[in-house]
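# Examination of the molecular architecture
Each chain, written out:
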Amino acid sequence: MNNIVFLILRRIRAPLIAVIVSFGIAVFGMTLMPGIEIEGEIFYLSLFQAFYIISYTATTIGFGEVPHEFSTAQRLWMTFSIYLTVISWFYAIGNIIALFQDVSLNIAITTSRFTKAVTRLRDPFYIICGYGETGSLLVNSLDRKHIRVVVIEILQDRINDLELEDYQYDIPALCADVELPDVLIKAGIRHSMCAGIAALTNNDHANLAVAIAAKIINPSLMVLGRAENADTAANMESFKTDHIINPYTLFGDHLAMQVHALGIYLLHEWLTGIPGQSLQSPDCPPIGKWVVCGYGRFGKSVVKSLQREEITITIIEANPELTGCEACIIGSGTESKTLEEADIKNALGIVAGTDNDVNNLSIVITAREMNPELFVVIRKNKRFNDILFDHYKANITMQPSNIIAHECLAHMISPLLAGFLSLVRIQTNSWANQLISRLVNTIGEQVPETWTIMIDDSHAPAVITLLSQRVTVTLDNLARDPGNRDLKLELMPLMLLRDDNPLLLPDWGIHIKNRDQILFCGRLNARNTLSVVLSNYKALSYIISGEVIADGLVWRWFSKKFRRKANTLP
C-alpha cells in the first residue's frame with residue numbers, strides 16, 4: 001500500500017506544486033489589491049477572505065463578489081487569477097487522469113488487492129501457476145469440489161477469461177511471471193492455509209523455477225510440477241518435488257491400463273472426475289497390429305506402453321533423424337500411400353499422435369476410409385478444437401490438459417486418494433470390476449465425492465469422546481443415518497490408514513481407533529451427514545446404543561430418576 005501512495009505522490013508532484021503556487025500567487029495578490037472605500041477607508045480583503053474567493057472562483061462555483069463589491073483593481077486581479085488557477089487545475093486534472101491510466105500504477109493496485117485477498121483466505125487453498133487449458137480445467141474441478149484456489153498467469157487475456165467464468169468462489173488471480181519468487185510469496189506460498197502449489201504452465205523452465213522456489217521457501221508444502229522433458233523432471237526430483245507429472249507418460253500408462261485392465265482404468269477416471277458427471281464405459285483397445293503416426297514424446301510413450309502389452313507396432317514419422325526413430329516409415333501419415341506402406345488395412349488400431357490437430361484428424365479420417373474397423377486413438381492439442389474432435393468421435397481422445405488435471409485432482413482432493421489409486425493399479429481387473437459394481441449399487445452411476453477424515457479431537461470429537469469412555473465404535477456406526485439408525489448413508493470406505501499401514505476396502509465391522517485416517521466416497525449429502533455424526537456426541541451415541549440422550553438439565557434429571565426406579569422394581 002505504501003508503494004502505491006508513494007507512486008501517486010511522485011507522479012502528481014509537479015501538478016500539485018503548480019496548483020499550490022498558482023493559488024498562493026492568486027490569494028496573496030488579492031489581499032494586496034485595494035478595494036472600494038467604506039466610510040472613508042479603502043477596504044482590503046483578509047487572507048482567509050481572499051482564499052475563499054479564489055477557491056470558489058477557481059473551481060467555477062462562483063458565488064459573486066463578497067463581502068463587498070470589488071473595485072476595478074480587484075476585478076483585474078480576479079481575471080488574471082481565473083486564467084492562472086484554471087490552467088493549473090486543467091494541468092493537474094489531466095495528470096491525475098493520466099496517472100490512473102498508467103500501467104504501472106494499475107499493476108501496483110491490482111497486486112495490492114490480490115495480496116489482501118490471499119491474506120484474507122481462511123480455508124485451505126492451492127496455488128495454480130498457469131491458467132491455460134490444464135489450469136482452467138483444474139480450477140473448475142477444484143471449485144466444484146469446494147476447494148479454494150489462487151491463480152497466477154502471465155497472460156492478461158487468460159486472467160480476463162477467469163474473471164468472466166461463473167465460479168462458486170471469488171478466485172484471487174494475478175497477471176505475473178511465476179518464475180519470480182516474490183510473486184509466489186504474494187500468492188500465499190507462506191500462508192498457513194496454503195495446502196500446495198501446482199506448476200502447470202506450458203514452459204518446463206517456468207515449472208522448474210516454481211518447484212525449486214516452493215521447496216526453498218516452504219519445504220513442507222506439497223508441490224506438483226508438470227514436466228514434459230526428462231532433464232526437467234530429473235531436476236525437479238533432485239529438489240524433492242512431491243509429484244512430477246508428464247502427460248505423455250501418463251497417457252501411455254492409461255492406454256496400457258485400458259488394454260489389460262479396463263476396470264482399473266475406469267475406477268481411476270471415475271474417482272478423479274467432476275462430481276455429478278455420469279459414469280461412462282470406455283472402449284477396450286484390441287490386441288494385435290497397430291500403427292503409430294508421430295514419434296515425438298507422445299508417440300514414444302504410447303509405443304513403449306503398447307509394446308509392454310505385446311502389441312505389434314508400425315511407426316510413421318516425418319523427421320526420424322530428429323526423433324531418433326530407427327525403424328520407421330518416413331511420412332506424416334496424412335497420405336494414403338504412407339498408410340498403405342504401413343499395412344493399415346490389416347491393422348487393428350491407429351494412434352494419431354502429432355502435435356498438429358488438423359494433421360491428426362486428417363490421419364484418422366484417411367485411415368478409417370481405408371479400414372473402417374480401425375480402433376482410433378487421437379491426440380488433441382488445443383481445447384478450441386473440441387467441436388471438431390467431438391464430431392469425429394474417436395474411440396479414445398487424448399488431451400494433455402485433461403490427463404494432467406485428473407492426476408492433480410488425485411493428489412489434491414484428499415490426502416489418501418492418490419495412495420489408494422496407486423494401490424489399485426497393482427490389483428486385478430476383476431477386483432476393480434467388483435468394486436465398481438459395489439460403488440454403483442451404493443451411490444449410483446454418477447461421479448461421487450471423495451474425502452478423507454482423521455479420527456482426532458479436531459475432526460471427530462464425538463468418536464474420541466466415546467473411545468475415551470471405552471465404547472466400541474465401528475466403521476458401520478459412522479455410516480448410519482443419525483435420524484434413523486437402521487438406514488445406511490450413501491457412502492463407502494475405500495481405504496483405512498492406521499500406523500502408516502493402508503487397508504483397502506476395510507470391513508464395516510472394523511473398530512475405529514484414535515489417529516485413524518479413512519478415505520470415503522459417496523454423495524454430497526452423505527458427506528455432510530457424516531460430519532454431523534463425527535462431531536455430535538448424542539447422534540453417534542444414538543446410532544451405537546439406540547437410546548436418545550436426554551437434552552437439558554430437567555430431562556436429564558427425570559431420565560436418571562426413572563432409571564433408578566426401573567432398577568429398583570422387582
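Details of the structure are given in the entry above.
Remember, it's a predicted structure, so these values are computed and weren't measured experimentally.

Our focus in this paragraph is the pattern of salt bridges. Oppositely charged side chains can form a pair if their charged atoms are brought close together. Evaluation of the coordinates by the stated rule reveals 13 salt bridges. The partner of lysine 186 in a salt bridge is aspartate 182, and the shortest N-O contact between them spans 2.3 Å. Taken together, the residues lysine 186 and aspartate 182, both in helix H8 (residues 181–186) and 4 residues apart, mark about one turn of the helix. Classification of lysine 186 by relative accessible area gives partly exposed; the value is 25%. One salt bridge in this structure joins arginine 515 and aspartate 456, with 3.7 Å as the shortest N-O distance. Here the residue arginine 515 occupies a position in the loop between strand S19 (501–504) and strand S20 (517–522), and aspartate 456 occupies one in the loop between strand S15 (449–454) and helix H21 (461–468), the gap between them amounting to 59 residues. Linked through salt bridges whose partners overlap, the residues forming this network are Glu65, Glu69 and Arg75.

Taken together, the 6 strands give an open sheet; going across it, the order is S11-S10-S9-S12-S13-S14, and neighbouring strands pair in parallel fashion. Each of the sheet's edge strands pairs with one partner strand only, and the pair in question is strand S11 (329–330) and strand S14 (396–398). Sheet analysis places strand S10 (residues 312–317) next to S11, joined by 2 bridges and oriented parallel. Bridge pairing in S11 places isoleucine 316 opposite isoleucine 329. Set on the sheet, helix H16 (residues 357–370) makes contact with strand S9 (289–293), strand S12 (349–352) and strand S13 (375–379); between it and S13 the angle comes to about 170°.

Those residues of helix H19 (residues 417–424) that fall on the buried side of the exposure criterion are Leu417, Ala418, Phe420, Leu421 and Val424. Angular distribution of buried residues about the axis of H19 spans 160°; they occupy a single face of the element.

Right, let's get into the packing of helix H2 (residues 13–32) against helix H4 (residues 72–100). Interaxial distance between H2 and H4 falls to 9 Å at its minimum, and their mutual angle equals 170°. Our classification of the angle between H2 and H4 gives roughly antiparallel. Where H2 approaches H4, its residues Ala14, Pro15, Ala18, Val19, Ser22, Phe23, Ile25, Ala26, Gly29 and Met30 are matched on the opposing element by Gln74, Trp77, Met78, Phe80, Ser81, Leu84, Thr85, Ser88, Trp89, Tyr91, Ala92 and Asn95. Per-class residue counts for the contact of H2 with H4 are 15 nonpolar, 7 polar and no charged.

What follows deals with the pairing of strand S4 (residues 148–153). Among the 6 residues in S4, 6 count as buried, and that is most of the element. Sheet topology note: the strand S3 (residues 125–129)/S4 ladder contains 5 bridges and is parallel. Bridge pairing in S4 places isoleucine 127 opposite valine 150. After leaving S3, the chain enters helix H6 (residues 133–144) and then returns to the sheet as S4, a path that is right-handed.

Turning our eyes to something else, we now look at the sheet that holds strand S6 (residues 194–199). Overall, parallel pairing links the 6 strands, which are arranged S5-S4-S3-S6-S7-S8 in an open sheet. A strand with exactly one partner marks an edge of an open sheet, and here the two such strands are strand S5 (173–175) and strand S8 (243–245). When strand polarity is set aside, the average angle formed by the axes of neighbouring strands in this sheet is 15°. In the packing of helix H7 (residues 156–164) onto the sheet, contacts are made with S4 and S5, and the angle to S5 comes to roughly 160°. In this fold helix H18 (residues 400–412) packs onto S3, S6, strand S7 (222–226) and S8, with an angle of close to 170° to the strand it touches most, S7.

So, about the packing of aromatic side chains. In total, this model carries 6 aromatic pairs according to the counting rule given. Judged by centre distance (5.1 Å) and plane angle (80°), the ring pair of tyrosine 52 and tyrosine 56 falls under edge-to-face. Of the two residues, tyrosine 52 and tyrosine 56 are both situated in helix H3 (residues 47–58); the distance of 4 residues between them amounts to about one turn of the helix. Given a relative accessible area of 37%, tyrosine 52 falls into the partly exposed group. Among the residues examined, tyrosine 56 registers a relative accessible area of 5% and is labelled buried. Measuring from ring centre to ring centre gives 5.0 Å for tryptophan 77 and phenylalanine 80, while their planes differ by 45°; the resulting arrangement is tilted. Taken together, the residues tryptophan 77 and phenylalanine 80, both in helix H4 and 3 residues apart, mark about one turn of the helix.

Counting 73 residues, the largest nonpolar core has Ile128, Phe251, Met412, Phe420 and Leu439 as the members making the most contacts within it. Those residues in contact with phenylalanine 420 that lie beyond four places of it in its chain are Leu271, Leu435, Leu494, Met495, Leu504 and Leu519. Listed in part, the 28 residues of the second largest apolar core include Phe114, Ile127, Leu174 and Cys194.

Basis of the calculations
- Residues numbered from 1 in each chain as written.
- Predicted model: local features only at pLDDT ≥ 70, side-chain atom pairs only at ≥ 80, totals over all residues.
- Heavy atoms only, no water.
- Salt bridge = Lys/Arg side-chain N within 4 Å of Asp/Glu carboxyl O.
- Helix = DSSP H or I, 4+ residues; strand = E, 2+ residues; numbered from the N terminus.
- Buried < 20%, exposed > 50% of the residue type's maximum accessible area, 1.4 Å probe, protein only.
- Pairing = 2+ DSSP bridges.
- Contact = heavy atoms within 4.5 Å.
- Axes fitted to C-alpha atoms, helices over the stretch in contact; angles between N-to-C directions.
- Arc of directions from axis to C-beta.
- Parallel < 35°, antiparallel > 145°, perpendicular 65-115°, else oblique.
- Nonpolar A, V, L, I, M, F, W, Y, C, P; charged D, E, K, R; others polar.
- Right-handed = clockwise from strand over helix to strand, strands pointing away.
- Phe/Tyr/Trp six-rings, centres within 6.5 Å; stacked < 30°, edge-to-face > 60°.
- Core = buried A, V, L, I, M, F, W, Y, C linked by side-chain atoms within 4.5 Å.

Bear in mind that shape data such as this cannot, by itself, settle questions of function.
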